[in-house]
Amino acid sequence: MTVPEVMARLRLGRSAVYDLIRTNRLRSITIGCSRRIPYGSYRSFVASRLEEAA
């Protein structure tokens, strides 16, 4: 997934998504000059947030 796709799904701004990536709370990879978030990483992040909220 691209950063804008994750931004839309999480309803967060660009800086917030990059903060999650920088702090390793949301794992990502770089392909060429593009940052990609694997779908499994996105799902793990959402699942961990749900666990924290419970």
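Scroll up to find the structure this text is about.
Remember, predicted model here, so these are calculated numbers, not experimental data. (Residues numbered from 1 in each chain as written. Predicted model: local features only at pLDDT ≥ 70, side-chain atom pairs only at ≥ 80, totals over all residues. Heavy atoms only, no water.)

Asker: I keep staring at the nonpolar core and nothing clicks. Help me out?
Answerer: One recurring pattern in soluble globular proteins: nonpolar side chains tend to sit buried together. Judged by nonpolar contacts, M1, V3, V6, V17, L20, I21, L26, I37, Y42 and F45 together constitute the single largest core of 10 residues. Within the residue set of this core, elements represented by two or more residues are helix 1 (3–10), helix 2 (14–22) and helix 3 (39–53). (Core = buried A, V, L, I, M, F, W, Y, C linked by side-chain atoms within 4.5 Å. Buried < 20%, exposed > 50% of the residue type's maximum accessible area, 1.4 Å probe, protein only. Helix = DSSP H or I, 4+ residues; strand = E, 2+ residues; numbered from the N terminus.)

Asker: What should I look at first to understand unusual backbone geometry in this one?
Answerer: Phi is positive for R11, close to 55 degrees, though the residue is something other than glycine. Relative to the assigned elements, R11 resides in the loop between helix 1 and helix 2. Phi angles above zero are rare outside glycine, and N24 is one such case at about 60 degrees. Position of N24 relative to the elements: it lies in the loop between helix 2 and strand 1 (29–31).

Asker: Would you take a moment to explain the side chain of S41 for this structure?
Answerer: Among the structural elements, S41 can be located in helix 3. You can call S41 buried: its relative accessible area is 13%.

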